[in-house]
Amino acid sequence: MAKKKKSIELSEKNITFNIKNISYRVIRYYPTAMTIDVMVHEDKVKIGLQNLAFAHLPKEVKKLIKPN
């Protein structure tokens, strides 16, 4: 059986990006599911935690999370 890869903690890297006036801060990356957990902020107010698909991230952020 294949081993499950654990999540990679990225909160100490302080990776942030904006999509449509909403700010996202990357918390952790799940390589097996190709998703990330982000903290969502709108107008400097914390909205909550959200799980996003890795494919929906801006190209600059993808390079920071998973450099090839």
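Analysis parameters
- Residues numbered from 1 in each chain as written.
- Predicted model: local features only at pLDDT ≥ 70, side-chain atom pairs only at ≥ 80, totals over all residues.
- Heavy atoms only, no water.
- Core = buried A, V, L, I, M, F, W, Y, C linked by side-chain atoms within 4.5 Å.
- Buried < 20%, exposed > 50% of the residue type's maximum accessible area, 1.4 Å probe, protein only.
- Helix = DSSP H or I, 4+ residues; strand = E, 2+ residues; numbered from the N terminus.
- Contact = heavy atoms within 4.5 Å.

S.K.: Would you mind going over the nonpolar core in detail, with residue names and values included?
M.R.: The biggest cluster of nonpolar side chains holds 14 residues, and the ones touching the most others in it are Phe17, Val26, Ile36, Val38, Leu57 and Ile65. Breaking this core down by element, the ones donating at least two residues are β3 (22-30), β4 (35-42) and α1 (59-65). Each residue touching Val38, except ones within four places of it in the same chain, is listed here: Phe17, Tyr24, Arg25, Val26, Ile27, Gly48, Leu49, Gln50 and Leu52.

S.K.: Could you give an account of the environment of Glu12, naming the residues involved and the relevant values?
M.R.: Relative to the elements of secondary structure, Glu12 occurs in the loop between β1 (8-9) and β2 (16-19). Classification of Glu12 as exposed rests on a relative accessible area of 56%. Sequence-wise, Glu12 and Lys46 are 34 residues apart; in three dimensions their C-alpha atoms are separated by 18 Å.

S.K.: Describe unusual backbone geometry, with residues and values.
M.R.: Note: most residues except glycine have negative phi, and most peptide bonds are trans. Backbone geometry places Asn14, a non-glycine residue, at a positive phi of 55°. Looking at the secondary structure, you find Asn14 in the loop between β1 and β2. At Lys20, a residue that is not glycine, the phi angle is positive and equals roughly 50°. Classification of Lys20 by relative accessible area gives exposed; the value is 78%.

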